[in-house]
Amino acid sequence: MIIFKSINKLNKEVNFKANIGFVPTMGSLHKGHISLIKSSKKICQKTMVSIFINPSQFNKKSDLMSYPRNLKKDIRILNELKIDYLLVPNAKEVYKKNIKKKINLNKKDKIMCAKHRPGHFEGVLAVINQFLERLKPKYIFFGEKDYQQLYLIKKLINKKFKTKIISCSTIRDKNKVALSSRNTLLTHNDMKKSSFVAKLLINFKNKLKKSIYLKKNLNKIIFEINNLKNIKIEYLEIRSKNNLSKVFNKNNFKIFIAYYNNKIRLIDNY
Ligand code: PAF
């Protein structure tokens, strides 16, 4: 594995005419990232991973400061996976002079996380735009756990780039909690509550698949989750999985949640 700090150096070294798969991450790698990397290795000749904690997508400084960082362990994992290239740029390298740190969203996209974390997706889109303008991978990989992120990035890529986007299913632990780098900030007891939330919503989803009119029970579910100690829902919504609108039927909906578990903000979808 060759490690680069400079995007220009990486560009000189890597032949982007080859079939290159790119997995952008913010590090603290877990099995979710590993499944993205394995998908890339399956369909691409070479796999490139980036680790960059993108400051422009954090709307709170405290969240940026406490975001988990595990570079040494990440490098060990990537070496074991035998990826080809690792990019670890710093913020100056990514946001060179006059580079926009935000890309605006349409008004109709300012829902769920976009509404509650103003500026977050604007920062995500800016960094992905930067990477794809300066690197030209054939494929880019994202997880469905960040479903709204995936939806917005798909729109950006389809409009501007030739890179093909591949989405991979959410990976869950044995207690149904979606894997996330932020889980390392949770205690054993917090994880038990996240497991309760996940199982409750998976069960609710299965009921809705049979009879969508049961969506009227959403408020009861919100009440039940908010009743857990140190748990506070930010939003819990049912939307179309195709365009995230509130027009859906029993075949095309998803349940989306963002909540605080002991002050750690978690998201998931079912
Ligand atoms: O999902 C993430 O880890 C980040 O939002 C991403 C896509 C790497 C952009 O910084």
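See above for the structure.
Here we summarise the structure given alongside this text. (Residues numbered from 1 in each chain as written. Predicted model: local features only at pLDDT ≥ 70, side-chain atom pairs only at ≥ 80, totals over all residues. Heavy atoms only, no water.)

As a further point, take the site of the ligand. What surrounds the ligand is the set P24, T25, M26, N54, Q57, V124, V127, F142, D146 and Q149. With respect to the ligand, the side chain of Q57 contributes an N or O atom lying 2.6 Å from an oxygen atom. Within the contact set of the ligand, an oxygen atom lies 2.7 Å away from a side-chain nitrogen or oxygen of Q149. When the ligand is considered free in solution it has 280 Å² of accessible area, and contact with the protein chains removes 88% of it. Listed by contribution, the elements that provide at least two residues to the shell around the ligand are β2 (20-25) and α7 (120-134). Taken together, the residues of the shell around the ligand break down into 5 nonpolar, 4 polar and 1 charged. (Near = heavy atom within 4 Å. Polar contact = N/O pair within 3.5 Å; in protein donor to acceptor, adjacent residues only side chain to side chain. Areas by Shrake-Rupley, 256 points an atom, 1.4 Å probe, with all protein chains shown as cover. Helix = DSSP H or I, 4+ residues; strand = E, 2+ residues; numbered from the N terminus. Nonpolar A, V, L, I, M, F, W, Y, C, P; charged D, E, K, R; others polar.)

Another point: the nonpolar core. L10, M48, I128, F131, L135 and I153 are the most contacted members of the largest nonpolar core, which totals 43 residues. For this core, the secondary structure elements donating two or more residues are α1 (7-13), β2, β4 (85-87), α6 (112-116), α7, β5 (139-143), α8 (147-160) and β8 (253-261). The biggest single contributor to this core is α7, with 8 residues. Once residues within four sequence positions are removed from consideration, I128 is found in contact with P24, F142, I153 and L156. Listed in part, the 24 residues of the second largest apolar core include L214, L236, I257 and Y259. (Core = buried A, V, L, I, M, F, W, Y, C linked by side-chain atoms within 4.5 Å. Buried < 20%, exposed > 50% of the residue type's maximum accessible area, 1.4 Å probe, protein only. Contact = heavy atoms within 4.5 Å.)

With that out of the way, let us pick up the pattern of salt bridges. Within this structure, the stated rule accounts for 10 salt bridges. D146 is the partner of K145 in a salt bridge, and the nearest nitrogen-oxygen pair spans 3.7 Å. On the accessibility criterion, K145 (13% relative accessible area) is buried. When its relative accessible area of 27% is taken as the criterion, D146 is described as partly exposed. (Salt bridge = Lys/Arg side-chain N within 4 Å of Asp/Glu carboxyl O.)

Attention now goes to the environment of T25. Summarising the element assignment, T25 is placed in strand β2. In this structure the C-alpha to C-alpha distance between T25 and F52, which are 27 residues apart in sequence, comes to 6.5 Å. With near-sequence residues (within four places) excluded, T25 lies in contact with H33, V49, S50, I51 and F52. In terms of polar contacts, T25 uses its side chain to reach the backbone carbonyl oxygen of S50, at 2.8 Å.

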